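Structural overview
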Amino acid sequence: MGAPMVVVGAGQAGVQAAEALRAGGYEGELVLIGDEPHAPYHRPPLSKAWLAGELEAAQLVLRAPELLARKRIALRSGVTVTAIDRSARCLALRAADGTSSALPYAGLVLATGAAPRRLALPGADAANVYLLRSRDDAALLAAALRDCAARAQPLVVIGGGFIGLEVAATARKLGVEVSVLEAAPRLLARALAPLLSDGYAALHRAHGVDVVLGAAVAGIAVEGGRALAVQTADGRRYPAGAVLVGVGVRANDALARAAGLECDAAGGIVVDDCARTADPAITAAGDCSARRLADGTLLRLESVHNATEQGKSAAAALLGQPRPFTATPWFWSDQYDRKLQMAGLAAGADRWVCRGDPAGSGPFTVFHLRGERLLAADSVNAAREHLAVRKLLDAGRSPPAEQLADPGVDLAALVARGG
C-alpha cells in the first residue's frame, strides 16, 4: 500500500477536505489529524449559544468519529504535527502522552487554522484573563461568566471585534455587567460602514454595555495572580472579575514556514485560487491560508464559508481536479436579536447607501460602493436581501445606487433579469 493522504487540522476546512477527498474518488488510506482531544466541532456557537449554556454537547459536534469511520477517514485526535519533511514526504508527530512517531504522506492538506493574538502587557497572563478560540477556551470562559454573575463582578472585553461583541452580548444575557474597550474610534471599523459601526455601539449601550472607544489599554492590575482591573493610558481603571482578550487572530503557519513553504509576512500560507502551495504535494485551506489574487495581492479570510469551499478546492487539487474558488465571501454575526450577514469585501469603498431604516427595529442593508461599483453589503435581519446581494456580486453586477436604496426595488428580480 502507498502512503496515505493526510489532512492536518480537524476544523471546518480539514473535515471538508477529508470528505471531499473521498467524494472525489480517492479510495486509499486517509488520515485526519487534530491537536485537540475532541472530535471535530462547530466553532461559531462558542461565543454565543454554547457559551450561554443553550446547546448540548452533541449539538456542537461537526462530525462524529463514527461517521468519519464509516467514510474510512481515520481521525487521530490529540496529536500534534511538529515538522514536515517535504523531501521525504513525511510528518513528525507527537501524541498527547509525549510519544513521537512518523507518518508518510502521498498528499497533504494543511488546515491548521488560526490562534488568538495575545497581549504583550503587564498582567495579561493572570489566571482570569481569557482568550476564545477552542472548545476548552469556551468552557473556561463560561465558568468565569457564571462566577461573575454569581458574585456580581464585571467582565471587561479588550477589543471591539466580532468575538468580543458576541461574548459581550452573551454575558449581558447571563446578567453580567460588561465593559468593551476598543482602541479604534469606532467598532468593527475594518468590516462595517461608519453608520453600522455607530449602530452596533448604540445597540450594545442600549443593553447596558459600557462601550469605550479610543481606549488604549496600558496594563492589567493583578493581585494574587488574578486580574482586578484593566487600566487604560488615560489613567482610568475598569474593575474586572474576568477579562476577555479579543484583539484578532494570527494564522497558524509556523509548521509551513519551518518546512520552507511560502508564507505571507502578515501571516498565512500562500496558495493560489485552487488552494495549491508551491509544493505539488501540499495544499492549504481555511484560516491558515492567504490566497494570491489576480493582481498579486494576498487575501486571508476567516469564515466558515471560506473554510468549507477552500477545503473542497484543496482536496480537488491533490486529486488532479483543479477547482478554483473565487466566489463572493460572506460572513455572519449574531448579537442580541440582530443577525448581521455580510457579503463581499468592503475595502476601498468611498460611499455607502442604505435600504431601510437603521435607526428603527426593522430589517435594513448598507451597501458599500466605490464610485458606481458595488463592493459589499451588510444586511441586518434581512436574509433575502443578503442572498440577492451575493448573487449580484458573484455576477459582477452593480445596480444603480438609487435602486439599491429603494425598498420597492426587488433585488432578487434584478438578479433574475440581469439588472
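Structure: see above.
What you are looking at is a predicted structure, and each value in this text was computed from that prediction instead of being measured.

Reading the values: the criteria
- Residues numbered from 1 in each chain as written.
- Predicted model: local features only at pLDDT ≥ 70, side-chain atom pairs only at ≥ 80, totals over all residues.
- Heavy atoms only, no water.
- Pairing = 2+ DSSP bridges.
- Helix = DSSP H or I, 4+ residues; strand = E, 2+ residues; numbered from the N terminus.
- Salt bridge = Lys/Arg side-chain N within 4 Å of Asp/Glu carboxyl O.
- Buried < 20%, exposed > 50% of the residue type's maximum accessible area, 1.4 Å probe, protein only.
- Expected span 1.5 Å × (residues − 1).
- Contact = heavy atoms within 4.5 Å.

1. What to know about the sheet that holds strand β12 (residues 210-213)
Taken in spatial order, the five strands make up an open sheet running β9-β16-β10-β11-β12, and their pairing is parallel. Single-partner strands in this sheet number two, and they are β9 (129-130) and β12. Relative to strand β11 (residues 178-182), strand β10 (residues 155-158) runs parallel, the two sharing four bridges. Residue pairing in the sheet places Val156 in a bridge with Ser179 of β11.

2. Topic: the pattern of salt bridges
Scanning all chains against the criterion turns up 21 salt bridges. Close ionic contact of Glu27 with Arg72 constitutes a salt bridge, the shortest N to O distance being 2.6 Å. Taken together, the positions of Glu27 in the loop between α1 (12-23) and β2 (30-34) and Arg72 in the loop between α3 (65-70) and β3 (74-77) put the pair 45 residues apart, joining distant regions of the chain. Looking at Arg72, the relative accessible area reads 42%, which means it is partly exposed. Measuring nitrogen to oxygen at the nearest pair gives 2.8 Å for the salt bridge that ties Arg276 to Asp272. With relative accessibility at 35%, the residue Arg276 sits in the partly exposed group. A single network of salt bridges, built from pairs that share partners, joins Glu19, Arg63 and Lys71.

3. As for helix α4 (residues 135-151)
The first and last C-alpha atoms of α4 sit 24 Å apart over 17 residues, in line with the 24 Å expected at 1.5 Å per residue. By the burial criterion, the buried members of α4 are Arg135, Ala138, Leu141, Ala142, Ala144, Leu145 and Cys148. Close packing links the buried residues of α4 with α2 (57-60), β9, β10, α5 (162-173) and β16 (242-245). Positive phi shows up at Ala152, right after α4, with a value of about 55 degrees.

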